[in-house]
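# Examination of the molecular architecture
One-letter residues, chain by chain:
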Amino acid sequence: MPQRPSLPDAHEHDLVIVGASFAGAACAIAAAQYGLRVCVLERKRDPGLKLHTTGIVVKEAAETTWLARMPAHLAQRVDGVRLYAPNLRSVALRGDDYWFLTTDTPNLMRWLADEMRAQGVDLRLQTPFNALEATGERDWRWHLPGVGRARWLVGADGAKSRVALRTGLGRVQQFLYGVEHEFTGATLREPGALHCLLDRRLAPGYIGWAAQNPTGVQLGLAFRHRPDRTGVPDIDALRARLGEVIGLPRDRAPDAVRAGLIPCGGPVRPLSRDGVILTGDAAGIVSPVTAGGIHAAWRHGWGVGVAIARHLRDGGPDPAREAERIAPRFRTKRALRWCFDHLQADWPVNLMLGAPPMRWAAERVFFGGRGVSRAA
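For clarity, every value in this text was computed on a predicted model and none was experimentally measured.

### Comments concerning the pattern of salt bridges
Across all of its chains, the model carries 22 salt bridges by this definition. A salt bridge links Arg-149 to Glu-12; the nearest nitrogen and oxygen atoms lie 2.2 Å apart. In this pair, Arg-149 sits in strand β11 (residues 148-155) while Glu-12 sits in strand β1 (residues 12-18), placing the two residues 137 residues apart along the sequence. You can call Glu-12 buried: its relative accessible area is 7%. One salt bridge in this structure joins Arg-313 and Asp-14, with 3.2 Å as the shortest N-O distance. Here the residue Arg-313 occupies a position in helix α6 (residues 294-314), and Asp-14 occupies one in strand β1, the gap between them amounting to 299 residues.

### So, the packing of α6 against helix α7 (residues 319-326)
The interhelical angle for the contact between α6 and α7, taken along N-to-C directions, is 155°, at an axis separation of 9 Å. With respect to their mutual orientation, α6 and α7 come out roughly antiparallel. Of the two elements, α6 crosses α7, and the hand of that crossing is right-handed. Of the residues in α7, those in contact with His-300, Gly-303, Val-304, Ala-307, Ile-308 and His-311 of α6 are Pro-319, Glu-322, Ala-323 and Ile-326. In terms of residue class, the contact of α6 with α7 is built from 6 nonpolar, 3 polar and 1 charged.

### Things to note about the nonpolar core
Counting 75 residues, the largest nonpolar core has Val-38, Leu-67 and Leu-144 as its most contacted members. A total of 10 residues in this core trace back to one element, the largest contributor, which is helix α1 (residues 22-33). With near-sequence residues (within four places) excluded, Val-38 lies in contact with Leu-15, Ile-17, Ala-28, Ala-31, Ala-32, Val-121 and Asp-122. Within the second largest apolar cluster, 31 residues are counted, among which are Ala-85, Tyr-206, Phe-340 and Phe-367.

### Notes on α7
Residue pairs spaced three or four apart in an α-helix point in one direction, given the helix's 3.6 residues per turn. Within α7 the residues assigned to the buried category are Pro-319, Ala-320, Ala-323 and Glu-324. Each buried residue of α7 lies within a common arc of 145° when the element is viewed along its axis, so the set occupies one face. Exposed residues on α7 whose side chains face more than 90 degrees from its buried face are Arg-321 and Arg-325. The secondary structure elements touched by the buried residues of α7 are β11, β17 (272-273), β18 (276-278) and α6. Of the residues flanking the start of α7, the one acting as N-cap is Asp-318, its side-chain oxygen 3.2 Å from the backbone nitrogen of Ala-320.

### Notes on the side chain of Ser-161
The topology assignment puts Ser-161 in the loop between β11 and α4 (162-167). Within polar-contact distance, the side chain of Ser-161 engages the side chain of Asp-157 at 2.6 Å. Here Ser-161 is in contact with Leu-278 and Ala-282, once residues within four sequence places are set aside.

### Considerations on the layout of surface pockets
There is about 260 Å³ of room inside the second largest pocket. Taken together, 18 residues line the second largest pocket, and the ones lying closest to its centre are Gly-48, Pro-106, Glu-182, Ala-256 and Arg-258. For the lining of the second largest pocket, the element with the most residues is helix α3 (residues 105-118), which contributes 4 residues. Split by residue class, the lining of the second largest pocket holds 5 nonpolar, 7 polar and 6 charged.

### Focus: the side chain of Arg-258
Along the chain, Arg-258 falls in strand β16 (residues 256-263). A polar contact is formed between the side chain of Arg-258 and the side chain of Glu-182, at a distance of 2.6 Å.

### A word on the sheet that holds strand β3 (residues 57-58)
The pairing of strands in a sheet happens through backbone hydrogen bonds and is either parallel or antiparallel. An order of β3-β7-β4 is seen for the 3 strands of this open sheet, with the pairing classed as antiparallel. Taken across any chain shown, the strands that pair with only one partner, and hence form the sheet edges, are β3 and β4 (75-78).

Rules used in this analysis
- Residues numbered from 1 in each chain as written.
- Predicted model: local features only at pLDDT ≥ 70, side-chain atom pairs only at ≥ 80, totals over all residues.
- Heavy atoms only, no water.
- Salt bridge = Lys/Arg side-chain N within 4 Å of Asp/Glu carboxyl O.
- Helix = DSSP H or I, 4+ residues; strand = E, 2+ residues; numbered from the N terminus.
- Buried < 20%, exposed > 50% of the residue type's maximum accessible area, 1.4 Å probe, protein only.
- Axes fitted to C-alpha atoms, helices over the stretch in contact; angles between N-to-C directions.
- Parallel < 35°, antiparallel > 145°, perpendicular 65-115°, else oblique.
- Left-handed = near helix turned anticlockwise from the far one by under 90°.
- Contact = heavy atoms within 4.5 Å.
- Nonpolar A, V, L, I, M, F, W, Y, C, P; charged D, E, K, R; others polar.
- Core = buried A, V, L, I, M, F, W, Y, C linked by side-chain atoms within 4.5 Å.
- Arc of directions from axis to C-beta.
- Polar contact = N/O pair within 3.5 Å; in protein donor to acceptor, adjacent residues only side chain to side chain.
- 1 Å grid on protein atoms, 1.4 Å probe; cavity = no way out; pocket = protein on both sides within 12 Å on 5 of 7 lines; lining within 4 Å.
- Points joined across faces, edges and corners; volume = space filled by probe spheres on them.
- Pairing = 2+ DSSP bridges.

See below:
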């Protein structure tokens, strides 16, 4: 493994990353493993606060990425999906040896912060990204006031990326708007399933969901965000409708609330240029249908970190081109997103839940086609 060189100026960084969530952490750890001098800027004082993620990790990420090192007490295995029609008829779906992990997401993010520090990353909390200057130099392309100079800059700063805005890269244009409530200590009747409700009135263009996690229950609702659709998701109506079915008490206030915009249009273009790359939500690397982004964001963020390190250390390929090359395309899921946006109706779901066409679509959304349906 290449050794980190001694740099003459403590304010010089091979790589500055804006954002300490999954994609930013992956990029930072990968680059630090190669010996780069990495600085991560995070505006929050605590990386576990004000989250915009459900924290659900798919099997591939749990087995094949750095997240496999996650302490066991931070995760709970969920083996299947219970899918509900608007009339609350349901079907149980199981993947072929497929499962998810729900997580104690606030403490998972704190663990990731510790992992970055353990790899020598300079993690600066309560440090927002406010200003950027192009130096015009070949070796040190950027100057960030109060931070120092950087060879490369990576924006992992969410759907409304300031890095994208300030560098002229592509910006996310298509969103879901989601709200999630946390109920500490609560238990679902069927804790081994991810509960998902299709209902055009409550969740046009998306779903409602509930899951057991290591600390309690998370209940969420999102809809397709559009200029002509105002207000916020009516999560109280979801709870009134689904709560009794799944075993969630109706008279208890949530212990925590998460809310935010979720990209759903696929990768932005361009997501990179000389000296700067977007990843994660900032790059739109989120499944257009499920809004699951942790696995894709981690893989892309890690790949970007490796590409920058190999370029700086070994004269490897241009990282900007590599970032574009390794970005997922989501072609099938983008087609399903179009169908969800334009063809969603409740009566076919009420009528066909569990039928082969519906099962086929659900298996591809939740398990990538590796599922078998078990009606209940």
